[in-house]
Amino acid sequence: MERSLYELRPSCRWLGCRLDVYHEVDSTNRVAERLARAGAPEGTLVLADAQTSGRGRMGRSFYSPGGHSLYFSVLLRPRMAPEHLHRHIFVAALAVAESVEAALPSSVPVEIKWPNDVLLAGRKTSGINLPVQLEGQRVTSAVLGVGINVNLPEHAFPAELRPIATSLLIAGGRSLDRVSFAEGLLAKLEAGIERLRQDGFGPVLERWRKYFRMQGQRVRVGGPGMPREVEGIVEGVDAEGALIVRSDRSRERILAGDVTLLKREA
Ligand code: BTN
């Protein structure tokens, strides 16, 4: 039988030092941001069974029904320049990809769509975001939000999400204990953040690349952070994690954007 989310005990040093578990909230990110403003310590973890207004990247919403999935936010207080904060997104995507890979049969390929969507058979199974709170140029806190479709059956997705979203249950054919999965993931996440702080971004990116298979893929990239839409072929990812896209006219270096996968080149 599945353990209750209230039984979650992260075996971490600082991540989860304070843990708030809810049956339902509007958004765990919102709760964590509120706690950040009230002075909560780094590592504060907010987890909910369901979210009524789950927030995605680029102002989108994140579908967050109860009973099947994991939605959590980790409060960080990084001593890092704002332009390097996105590195946490790569750390989190790597932790999710490694945890998903360990939980599924080896026949299921796990892929990361730049920068942080974990895909199974081309469909998204998790989303990550990192809203940042600044005072001038100083980072006061950042909230790492992670949502994973663990045991969602196909019929539980709204029709418009079915072609593009999936879950570990759908891909792996069996349901998982969400609490054990979360405990393993949180340990990887803490270790990854510590590695980032001690050894820099290089080792994280090197491991992240194992799951990156977009080279040669035709993509369209747009979104609020981009002056114009770019369409072209993915060349790779550079040492700072920027996506390099070659179009007919230019070679673009993209630090933040919304990527649509188009037809793969032969
Ligand atoms: C995306 O794919 O657009 C990012 C989705 C991030 C969703 C998670 S779920 C937990 C946390 N709380 C939120 O409101 N959003 C993040």
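One can find the structure itself at the top, above this paragraph.
Because the structure is predicted, anything quoted here is derived from the model rather than measured.

All right, on to the site of the ligand then. Not every one of the 20 residues close to the ligand is listed here, only the nearest: Ser27, Gln51, Arg55, Arg57 and Lys124. Contacts to the ligand include Asn29, whose side-chain N or O atom sits 3.3 Å from a nitrogen atom. At 2.7 Å, a backbone N or O of Arg55 approaches an oxygen atom of the ligand. Protein contacts shield 99% of the accessible area of the ligand, which totals 420 Å² for the unbound molecule. Of all the secondary-structure elements, those providing two or more residues to the shell around the ligand are α1 (28-37), β3 (70-76), β6 (123-129) and β8 (138-148). Looking at the shell around the ligand, the element that brings in the most residues is β6, giving four residues.

What follows concerns unusual backbone geometry. Of note, the bond from Trp114 into Pro115 is cis; its omega dihedral lies within 30 degrees of zero at -5°. Looking at the element boundaries, Pro115 is found in the loop between β4 (110-113) and β5 (117-120). Even without glycine at this site, Met58 takes up a positive phi of about 55°. For Met58, the position within the fold is in the loop between β2 (45-51) and β3. Positive phi, close to 50°, is recorded for Ala121, a residue that is not glycine. By the secondary structure assignment, Ala121 is in the loop between β5 and β6. Taking relative accessible area as the criterion, Ala121 reaches 72% and is therefore assigned exposed.

Counting through the fold element by element, Val21 comes out in strand β1 (residues 19-25). Between the C-alpha atoms of Val21 and Leu152, which are 131 residues apart in sequence, the distance is 20 Å. Apart from residues no more than four positions distant in its own chain, Val21 is found in contact with Leu5, Tyr6 and Leu47.

Another aspect to go through is the side chain of Glu252. Assignment of secondary structure puts Glu252 in strand β12 (residues 251-254). A distance of 2.5 Å separates a polar atom in the side chain of Glu252 from a polar atom in the side chain of Arg228. If we skip the residues at most four places from it in the chain, Glu252 touches Arg228, Val230, Leu243, Ile244 and Val245.

In contact at an axis separation of 9 Å, helix α2 (residues 87-103) and helix α4 (residues 178-199) are set at 145° when each is read in the N-to-C sense. The two elements α2 and α4 cross, and the hand of that crossing is right-handed. When α2 is examined against α4, the residues Arg87, His88, Val91, Ala92, Ala95, Val96, Glu98, Ser99, Val100 and Ala103 are found in contact with a partner set consisting of Phe181, Leu185, Lys188, Leu189, Gly192, Ile193, Leu196 and Arg197. Taken together, the residues of the contact of α2 with α4 sort by class into eleven nonpolar, three polar and four charged.

To continue, consider α4. A rise of 1.5 Å per residue sets the reference length of α4, with its 22 residues, at 32 Å; its end C-alpha atoms lie 31 Å apart and thus fit the reference within 8%. At the C-terminal side of α4, Gly200 shows a positive phi close to 85°.

Let's shift gears to the environment of Pro65. Counting through the fold element by element, Pro65 comes out in the loop between β2 and β3. Taking C-alpha positions, Pro65 is 13 Å from Ser167, a pair spaced 102 residues apart along the chain. When sequence neighbours within four positions are dropped, the list of residues in contact with Pro65 reads Asp49, Ala50, Tyr71 and Leu152.

Calculation notes
Residues numbered from 1 in each chain as written. Predicted model: local features only at pLDDT ≥ 70, side-chain atom pairs only at ≥ 80, totals over all residues. Heavy atoms only, no water. Near = heavy atom within 4 Å. Polar contact = N/O pair within 3.5 Å; in protein donor to acceptor, adjacent residues only side chain to side chain. Areas by Shrake-Rupley, 256 points an atom, 1.4 Å probe, with all protein chains shown as cover. Helix = DSSP H or I, 4+ residues; strand = E, 2+ residues; numbered from the N terminus. Buried < 20%, exposed > 50% of the residue type's maximum accessible area, 1.4 Å probe, protein only. Contact = heavy atoms within 4.5 Å. Axes fitted to C-alpha atoms, helices over the stretch in contact; angles between N-to-C directions. Left-handed = near helix turned anticlockwise from the far one by under 90°. Nonpolar A, V, L, I, M, F, W, Y, C, P; charged D, E, K, R; others polar. Expected span 1.5 Å × (residues − 1).

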